[in-house]
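Coordinates in review
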Amino acid sequence: DKSNINLTVDTSEKITPSLSPSNTTKTTVTWSSSSPDIATVDSNGNVKGIKEGTAIITATTVNKLSAECSVTIKPSEEMNDDFTYSLIEGGISITGYTSNSSDIEIPKTIENKTVLTIADWAFSDCTSLNSVSVPNTVKNIGDGSFSGCTNLTTIVLPETLTHIGSGAFRLCENLTTIDLPDNISYLGEGAFYSCKSLTSINLPSNITTLYANTFTA
């Protein structure tokens, strides 16, 4: 009865097949998942999210007719005193900020799990932020992560960082300086768009593509 569903890790939803004609006596359906490590399905069509990703759930009738449902699994979100976060493979992704502090140091670990990424839009429009220190466990800063942090003046990036997403620091109008670590190989489109106070920046040699609006003021 559905062609697409969205779940979070450890949640479930039942898919009910629509059989035609409605009075058919051949109602036995076999269920399968293209990626059981991402989403499982039982004999009754109950789909459960296992880890982040996408899987195709297929229902097949006794006369070999089949229908598919695309299932997208997103990480479940948790919260502590300062951050919301989700469990990802190998560690944690910071998904949001719940404190009012203007100067923050993102921890290396939460609940004994390593902080690996800053998710898309995690700190977007946090206008109270003045300075941020990112730990040397983080490899990825997602799209729009600090977009609209108009009072952000300082951010310390770790040498482990390899990826800065599109619009990551868009509209950070008071950001004056930033040191890009040598290991960065991807700098997304509009990453520093309209950072009007940013006067100079050193580009690591690993960056081979630079979009036209990356630094547009």
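Structural data are supplied above this passage.
What comes next concerns the included structure.

Concerning the pairing of strand β7 (residues 66-74)
Summarising the sheet, strand β1 (residues 4-8) and β7 pair through five bridges and their orientation is parallel. Across the sheet, the residue bridging to T8 is K74, located in β7. With eight bridges connecting them, strand β6 (residues 53-61) and β7 associate as antiparallel partners. From the neighbouring strand, I57 faces β7, where its bridge partner is C69. Turn length for the β6-β7 hairpin, with the two strands adjacent in sequence and antiparallel, is four residues, and the turn residue K64 shows positive phi of about 70°.

Side note on the environment of L116
Here L116 is to be found in strand β13 (residues 113-118). According to the relative accessible area criterion, L116 is buried, its value standing at 19%. Sequence spacing of L116 and I56 is 60 residues, and the spatial spacing of their C-alpha atoms is 28 Å. Setting aside its immediate chain neighbours within four residues, L116 contacts I88, E89, G90, G91, I92, T137, V138, K139 and N140.

Focus on unusual backbone geometry
Phi is positive for E111, close to 55°, though the residue is something other than glycine. Owing to a relative accessible area of 59%, E111 belongs among the exposed residues under this scheme. Of note, the phi angle at W121 is positive, near 65°, even though the residue is not glycine. Structurally, W121 is set in the loop between β13 and β14 (131-133).

Comments concerning the pattern of salt bridges
For the structure shown, the criterion picks out one salt bridge. Where D37 meets K51, a salt bridge forms, and the shortest distance between an N and an O atom there is 3.5 Å. With D37 in the loop between β3 (29-33) and β4 (39-41) and K51 in the loop between β5 (46-49) and β6, the pair connects residues that are 14 residues apart, well separated along the chain. Residue D37 is classed as partly exposed on the basis of its relative accessible area, which comes to 42%. Residue K51 is classed as partly exposed on the basis of its relative accessible area, which comes to 32%.

Focus on the sheet that holds strand β11 (residues 103-105)
Strand order in this open sheet of three strands is β11-β14-β16, and the pairing throughout is parallel. Both outer strands of the open sheet, β11 and β16 (154-156), are each paired with one neighbouring strand and no more. Recorded for the sheet is a direction-independent mean angle of 5° between the axes of neighbouring strands. Of the pairings in the sheet, the one linking β14 to β16 comprises three bridges and is parallel in character. Considered in β16, the bridge of S133 is made with V156.

Concerning the packing of aromatic side chains
Evaluation of the coordinates by the stated rule reveals seven aromatic pairs. Between the aromatic rings of F83 and Y97, the centroid separation amounts to 5.7 Å while the plane-to-plane angle is 45°, which identifies the pairing as tilted. Taken together, the positions of F83 in strand β9 (residues 83-88) and Y97 in strand β10 (residues 91-97) put the pair 14 residues apart, joining distant regions of the chain. Accessibility classification places F83 together with Y97 in one group, the buried group. Ring geometry for Y97 against F123: centres 5.7 Å apart, planes inclined by 40°, an arrangement best described as tilted. Remark: F123 occurs in the loop between β13 and β14 and Y97 occurs in strand β10; sequence separation between them is 26 residues. Note on Y97: relative accessible area 13%, which makes it buried. The rings of F83, Y97, F123, F146, F169, F192 and F215 are connected pair by pair, giving a single aromatic cluster.

Topic: the nonpolar core
Residues F123 and F169 are the most contacted members of the largest nonpolar core, which totals 38 residues. At the level of secondary structure, the elements contributing two or more residues to this core comprise β9, β10 and β13. Per element, the largest residue contribution to this core is three residues, and it comes from β10. Apart from residues lying up to four places away in sequence, F169 is in contact with I141, F146, I155, L157, I164, I178, A191, F192, Y193 and C195. In this structure, I15, V41, V47 and I73 belong to the second largest nonpolar core, which totals 16 residues.

The rules we used
- Starting afresh in each chain, residues are numbered from 1 along the sequence in its written order.
- In keeping with the predicted nature of the model, local features appear solely for residues at pLDDT of at least 70, side-chain atom pairs appear and are counted solely at 80 or more, and the whole-chain, interface and lining totals rest on all residues.
- Only hydrogens and water are set aside when side-chain values are computed; all heavy atoms of the structure are taken into account.
- One requirement defines pairing of two strands: DSSP has to find at least two bridges between them.
- Counting from the N terminus, the helices are DSSP H or I runs at least four residues long and the strands are E runs at least two residues long.
- For each residue, the accessible area found with a 1.4 Å probe, counting protein chains only, is set against the maximum for its type, and the residue is called buried under 20%, exposed over 50%, and partly exposed in between.
- Pairs of residues are marked as contacts when any of their non-hydrogen atoms sit within 4.5 Å.
- Each reported salt bridge corresponds to a side-chain nitrogen of Lys or Arg within 4 Å of a carboxyl oxygen of Asp or Glu.
- Here the axes come from fitting lines to C-alpha atoms, over the contacting stretch only for helices, and the angles between their N-to-C directions go from 0 to 180 degrees.
- Within 6.5 Å between ring centres, the rings of Phe, Tyr and Trp (the latter by its six-membered ring) count as paired, and their orientation is classed by plane angle as stacked under 30 degrees, edge-to-face over 60, tilted in between.
- To define a nonpolar core, start from buried Ala, Val, Leu, Ile, Met, Phe, Trp, Tyr and Cys residues and group those joined through side-chain atoms within 4.5 Å.

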